[in-house]
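Tertiary structure, described
Chain residues, written in single-letter form:
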Amino acid sequence: MTKRGRNAGRLLAIAWALVVALLLAHNAYLWLGKRIAPETDILALLPVQERDPVLQASFTHMVDAAQQRVAVLVGAAEWSDAKRAADAYGAVLARHAGLFQSTPLDEQTQNDWLALFQQHRLTLLTAPQETQLRQETPAFWRDSALSQLYSPFGGPKLGAWQDDPFGLFSGWVQERAQETPVRPRDGHLFVADGERQYVLLPLNLRLPAFSLGAQESALPVLAQAEAAARQAVAGVDIISAGVILHAAAASSQAAGEMSTIGLGSLAGIILLTWLTFRSVKPIALILLSIGIGCLGSLSVCWLLFGKVHLMTLVFGASLIGVAQDYGIYFLCNRLGADPALDSRALLRRLLPGLCLTLLAAVIGYLGLALTPFPGLRHMAVFSALGLVFAWLTVVFWFPALIRGGTLKSGVLVARYGAARARWPLLRANRATLAGGVLFAVFAVFGISRLGVNDDIRLLQTPPAHLIRDQLKLSKLLDGPTPVQFYLVRGDSAEAVLQREEALKQRLLPLIAQKYISGVQAMSNWVPSLRTQAARRALLDTAILRPGAALDLLAQSVDEGPEWAGKVRAQLAQAGAPLSIDAFLKVPASEPWRHLWLGKVEGGYASIVALRGMQYAAIPLLAQAADGLPGVQWVDKVSEISSVLGRYRVYMGAVVLGAYLVVFGLLLPRYRRRTWRVLAPTALASVAALALLGYLNLPLQLFHVLALMLLLGVGVDYGIFMQEHPDRRNNTPWLAVGLSAANTILSFGLLALSKTAALQAFGLTMLIGTALVWLLSPCFATADPRSAADAAGET
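Here the structure is a predicted model, which is why all the values come from computation and not from measurement. The residue numbering used here restarts from 1 in each chain and proceeds along that chain's sequence as written. Given that the model is predicted, a residue must reach a pLDDT of at least 70 before its local features are reported, and side-chain atom pairs must reach 80 or more before they are shown or counted; all residues, however, enter totals for whole chains, interfaces and linings. Side-chain metrics in this entry use all non-hydrogen atoms of the structure; hydrogen atoms and water are not considered.

1. Thoughts on the overall build of the protein chain
Comment: elements are numbered from the N terminus, with helices defined as DSSP H or I runs of at least four residues and strands as E runs of at least two. For the protein chain, the count of helices and strands is 30 helices and 11 strands. Put simply, the radius of gyration uses C-alpha atoms, and a globule should come to 2.2 Å times the residue count raised to 0.38. For a compact globule of 794 residues, the expected C-alpha radius of gyration is about 28 Å, and the protein chain comes in at 35 Å, more than 25% above that figure. A principal-axis box enclosing the C-alpha atoms of the protein chain has dimensions of 120 × 55 × 50 Å. For the protein chain, buried positions account for 52% of its 794 residues. In the protein chain, 82% of the contacts between residues at least 6 apart in sequence involve partners at least 24 apart. Every accessible area reported is derived by Shrake-Rupley at a probe size of 1.4 Å, with residue values counting cover from the shown protein chains alone. As displayed, the protein chain offers around 34,600 Å² of accessible surface, 62% of which is attributable to carbon and sulfur atoms. Separation of charge centres in the protein chain, based on 68 positive and 53 negative side chains, amounts to 17 Å. Note on exposure labels: buried denotes an accessible area under 20% of the residue type's maximum, exposed denotes more than 50%, and partly exposed covers the range between, all computed with a 1.4 Å probe on protein chains only. We call two residues in contact whenever any of their non-hydrogen atoms come within 4.5 Å of each other. Only four residue types enter the charge count, namely Lys and Arg as positive and Asp and Glu as negative; His and the chain termini do not. In plain terms, the charge of a residue is placed at NZ if it is Lys, CZ if Arg, CG if Asp and CD if Glu.

2. Structural notes on the pattern of salt bridges
One speaks of a salt bridge when a side-chain nitrogen belonging to Lys or Arg is within 4 Å of a carboxyl oxygen belonging to Asp or Glu. Scanning the model with the defined rule gives 12 salt bridges in all. A salt bridge links Asp81 to Arg84; the shortest N-O distance between them is 3.2 Å. A residue pair is termed a helical-turn pair when its members lie 3 or 4 positions apart in one helix, as Asp81 and Arg84 do in helix 3 (residues 79-94) at three residues. With its nearest N and O atoms 2.9 Å apart, the salt bridge here joins Arg230 to Glu226. Linking Arg230 with Glu226, this pair stays in helix 8 (residues 212-232), spanning four residues, or about one helical turn. Of the residues examined, Arg230 reaches a relative accessible area of 38% and is grouped as partly exposed. Look at the salt bridges and you will find they share partners, linking Glu130, Arg134 and Arg535 into a network.

3. Section: helix 6 (residues 138-150)
When the terminal C-alpha atoms of helix 6 are compared, their 19 Å separation across 13 residues agrees well with the 18 Å that a helix rising 1.5 Å per residue should span. For helix 6, the set of buried residues is Trp141, Ser144, Ala145, Leu146 and Gln148. In this fold, the buried residues of helix 6 make contact with helix 5 (127-135), helix 7 (168-177), helix 20 (529-544) and helix 21 (549-556). Expected span of a helix: the number of residues minus one, times 1.5 Å.

4. Remarks on unusual backbone geometry
Here the phi dihedral of Glu601 falls at roughly 50°; this positive angle occurs in a residue that is not glycine. Structurally, the position occupied by Glu601 is in the loop between strand 9 (596-600) and strand 10 (603-611). For Glu601, a relative accessible area of 62% corresponds to the exposed category. At Arg671, a residue that is not glycine, the phi angle is positive and equals roughly 50°. Examined against the element boundaries, Arg671 turns out to sit in the loop between helix 25 (636-670) and helix 26 (674-694).

5. Remarks on the packing of aromatic side chains
Pairing of aromatic side chains here covers Phe, Tyr and the six-membered ring of Trp, requires ring centres within 6.5 Å, and sorts the geometry by plane angle: under 30 degrees stacked, over 60 edge-to-face, intermediate tilted. Going through the model one piece at a time under the given rule, you end up with 20 aromatic pairs. Each ring, one from Trp525 and one from Phe583, has its centre 6.1 Å from the other, and the planes form 15°; the classification is stacked. A residue pair is termed long-range when its members are at least 10 positions apart, and Trp525 in helix 19 (residues 522-525) and Phe583 in helix 23 (residues 580-585) qualify at 58 residues. Each member of the pair, Trp525 as well as Phe583, is classed as buried.

6. Considering the nonpolar core
Soluble globular proteins tend to bury their nonpolar side chains together. The nonpolar core is taken to be a set of buried Ala, Val, Leu, Ile, Met, Phe, Trp, Tyr and Cys residues, with the residues joined through side-chain atoms within 4.5 Å. Residues Phe330, Leu331, Leu666 and Val715 are the most contacted members of the largest nonpolar core, which totals 108 residues. In terms of residue count, helix 27 (residues 701-723) provides more of this core than any other element does, 16 residues in total. Beyond its immediate stretch of four places on either side in the chain, Phe330 contacts Ser343, Leu346, Leu347, Leu350, Val394, Phe398, Pro399 and Ile402.

7. Comments concerning the state of the cysteines
To count as a disulfide, a pair of cysteine sulfur atoms needs to be within 2.5 Å. Per the stated rule, a full pass over the model turns up zero disulfides. The thiol of Cys294 is not disulfide-bonded; the next cysteine sulfur, from Cys301, is found 11 Å away. The thiol sulfur of Cys355 is not disulfide-bonded, and the nearest other cysteine sulfur, from Cys332, lies at 18 Å. Here Cys355 falls in the partly exposed class, since its relative accessible area comes to 33%.

8. A short note on a nonpolar patch on the surface
The patches reported here contain residues having more than 30% relative accessible area and no salt bridge. Joining distances are 9 Å for like charges and 5 Å for nonpolar side chains (Val, Leu, Ile, Met, Phe, Trp, Tyr). A contiguous nonpolar patch, built from Leu11, Ile14 and Leu18 and spanning about 340 Å² of accessible area, is present on the exposed surface. Examined against the element boundaries, Ile14 turns out to sit in helix 1 (residues 3-33). Overall, Ile14 belongs to the exposed group, its relative accessible area being 52%.

9. Observations concerning the environment of Ala127
Here Ala127 shows up in helix 5. For Ala127, a relative accessible area of 43% translates into the label partly exposed.

10. Some remarks on the pairing of strand 9
Across the five residues that make up strand 9, a large majority, four, are buried. In this analysis, strands are considered paired if DSSP registers two or more bridges between them. Examined bridge by bridge, strand 9 and strand 10 share four bridges and lie antiparallel to one another. Bridge pairing links Lys599 to Tyr604 in strand 10.

11. Topic: the packing of helix 21 against helix 22 (residues 561-573)
Two quantities define a packed helix pair, namely the angle between the axes and the distance from one axis to the other. Helix axes are fitted only over the stretch in contact, all axes being lines through C-alpha atoms; the angle between N-to-C directions runs from 0 to 180 degrees. Look at helix 21 against helix 22: their axes get within 9 Å of each other, and the N-to-C directions meet at 135°. With respect to helix 22, the element helix 21 is oriented oblique. Between helix 21 and helix 22 the crossing geometry is right-handed. Mapping the contact onto sequence places Leu550, Asp551, Leu553 and Ala554 in helix 21 and Trp563, Ala564, Val567 and Arg568 in helix 22. Residues were grouped as follows: Ala, Val, Leu, Ile, Met, Phe, Trp, Tyr, Cys and Pro as nonpolar; Asp, Glu, Lys and Arg as charged; and all remaining residues, including Gly, as polar. Of the residues contributing to the contact of helix 21 with helix 22, the split by class is six nonpolar, no polar and two charged. Roughly parallel means an angle under 35 degrees; roughly antiparallel means over 145; roughly perpendicular covers 65 to 115; every other angle is labelled oblique. With the far helix as reference, a near helix turned anticlockwise by less than a right angle produces a left-handed crossing, and one turned clockwise produces a right-handed crossing.

12. Structural notes on the environment of Gln505
Of note, Gln505 is situated in helix 18 (residues 493-512). For Gln505, a relative accessible area of 53% puts it in the exposed group. In sequence terms Gln505 and Thr312 are 193 residues apart; their C-alpha atoms lie 47 Å from each other.

13. Notes on the pairing of strand 6 (residues 237-242)
Of all the six residues making up strand 6, six are buried; the element is thus mostly covered by neighbouring parts of the structure. The side-chain alternation of strand 6 yields two buried faces, one formed by Asp237, Ile239 and Ala241 and the other by Ile238, Ser240 and Gly242. Examined bridge by bridge, strand 1 (residues 69-76) and strand 6 share six bridges and lie antiparallel to one another. Residue pairing for strand 6: Ala71 is matched across the bridge by Ala241.

14. Some points on helix 26
The first and last C-alpha atoms of helix 26 sit 31 Å apart over 21 residues, in line with the 30 Å expected at 1.5 Å per residue. Given a residue, its bend is the angle between the two axes fitted to the seven residues that end at it and to the seven that start from it. Remark: the principal bend of helix 26, roughly 25°, maps to Pro680. Where burial is concerned, most of helix 26 is hidden: 15 out of the 21 residues are buried. Taken from the residues just after helix 26, Asn696 is the one with a positive phi, measuring 60°.

15. Here we look at the confidence of the model for the protein chain
With 90% of its residues at a pLDDT of 70 or more, the protein chain has an overall mean of 83. A residue's pLDDT is simply how confident the predictor is in it, with values from 0 to 100. Taken together, the stretch residues 783-794 has pLDDT below 50 and engages in 21 contacts with residues farther than four places along the chain or on a different chain.

16. Digging into the side chain of Arg676
Relative to the assigned elements, Arg676 resides in helix 26. Overall, the relative accessible area of 15% leaves Arg676 in the buried class. Polar contact is defined as a pair of N or O atoms within 3.5 Å, subject to the rule that within protein one atom must be able to donate a hydrogen and the other to accept it, and that residues adjacent in sequence are counted only when both atoms are side-chain atoms. Side-chain polar atoms of Arg676 contact the backbone oxygen of Phe779, separated by 3.1 Å. In this structure Arg676 touches Gln722, Phe779, Ala780 and Thr781, once residues within four positions along its chain are discounted.

17. Concerning the environment of Leu189
Within the element layout of this structure, Leu189 appears in strand 4 (residues 188-192). With a relative accessible area of 22%, Leu189 lands in the partly exposed category. Leu189 sits 114 residues away from Gly75 along the chain, and the two C-alpha atoms are 12 Å apart.

Next comes the structure, spelled out in structure tokens:
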């Protein structure tokens, strides 16, 4: 090693020390100064619908409206018990008004709710009322009004009888009330099933549901409130549902898995390194390279994206299983090399192989970045950067920190190394041919059993009690689903409302057949101006015109034309059209505002939501929108599942393309032996797919993404073996063994994850990495040049 080379090495080591100091300072600022918190919104991992911003806005609108809500049902067999428990529950929440907002239910609230509609009641009719106004005679309406006047069972009345003598407005309000089974009762919201009577406590979370701070603050309060309710009434049934509950469960699960995977990987690395080198120094060096890799990836990712997802950190924990490859490769070669050989000279000899392993791994990770999933892009960039920082640490610091003769191997290394001499080698003989035929039969039969399933719901594994509560609450409240709905567009608000009304006509047969129990639409509350004008004309003809129902009614109650004129004038004052803007300004519109997107991308748009939807009816619901201008069926579950399926196929092609790219990258160095570098990984990938078939596990995008990463990891082992093909040299075999064992530990733990995507990813990596480890020595072959090099090292 020349003096110039040593000086250059020292300067690079010092420069890297400055970079590491900056990384430390930046991480300290992020965690201690800025107190950043990982993002936990699982939807942030999903692709953004870039082709249709209005469609994306509609979905965001529905999700945003739902995610801040928490619904609590407090139930008991007796209504008095349910009220007492609910009051105890509410008393706890009242002490934390900064967390939850609830709307009091009193007489004033109900009056405020009705005030706007009473001003426009002449234009608010139900569809059956319209039919009756067209078909029935004035005498029918006269008799109907008299029945409501004299009969004690004439139905609920709103205001004085003469304000709505024919009960039309009352009928419209009753129809609106049918949009939910919840009813006001004794100052509470009431709903019941066959066994219990429930008090509904609708809450609005004041903090973002996906923030860790909100979850840490709100969940203990909800637990205290539940305990208070149970103390007030023994055996009370409490059902809670809300996005924050699912987000908190996901956060807790991810944080637990991050700790398990990270600590498990570290413990495995420490143990294996100790058993191999019997010294603390190699352990410290490996941890140093991994630590700098994590610091660097977090800093740069934050600078690039301005946030980091919790799932990225969970996935990043598995980075530990790959980042240690470079350090282990150097240390194993240092162990096997002549102690007199300078470490920088050794590094220079190893650099070609190290560069290729880094490039192959980065190509594998960046393959994940080609997907449209923001979460996966973050994970890919985070992991690739971590590898680069760990690799630079090995190259700049390891030669200066570890010298020849300082490492000693133990008995375990000797026994493991001796195994390579007995490992089978592929040769042109009958044994190889028989092995190839058996593998082909195994692979073909296994892959023929492999099915596919891209359903996004497979990726969600919330706790069973949350699913149970959500289902029960949805059944009791008959709420709409936020992921299947109609998007209605038009050039104006009037056009949107008219198209909503046309759609609702198409849905009436499906309601009659009980495929859906009803629809929620803004036009239910604010009919189009065309419809309001038609209704007004209908009322004028059937009720208000001289000689029609109102005059007949005046005669029947012994009132003269003056009384009829007065009532006619009062009703006429309530005949002004109701506008969408006026409705959106009053508190009564609050539960329905999420249905109106307003002006978007130069037009107007709204959402028509479905209550009580039967999933089997989805094809019929989709067909209902056919041919209706501006009406689009939106099924976000199907759409995302379709994207997952499309990208599963796309990423399969990318994996094959990556093999070609890596082959071209390796070809100049390994020439005719290049296929031997890639073959173990390729065969392991095929075997992993076949095993999934035998295990009856359907193929998902995340299995394919794992095959992409397996390429990056597995090529390392092929390179290690081809760099030193001589079977007398145990150094590459030791490096492959240590690297594979650590990778299996980290990704194997991912296979234990309760998150379906990580589990699929981890299982594929577990199987694939183990097979690459076992297959790599079989493809090694003696090379005169490399064998001579190896001999010189030992």
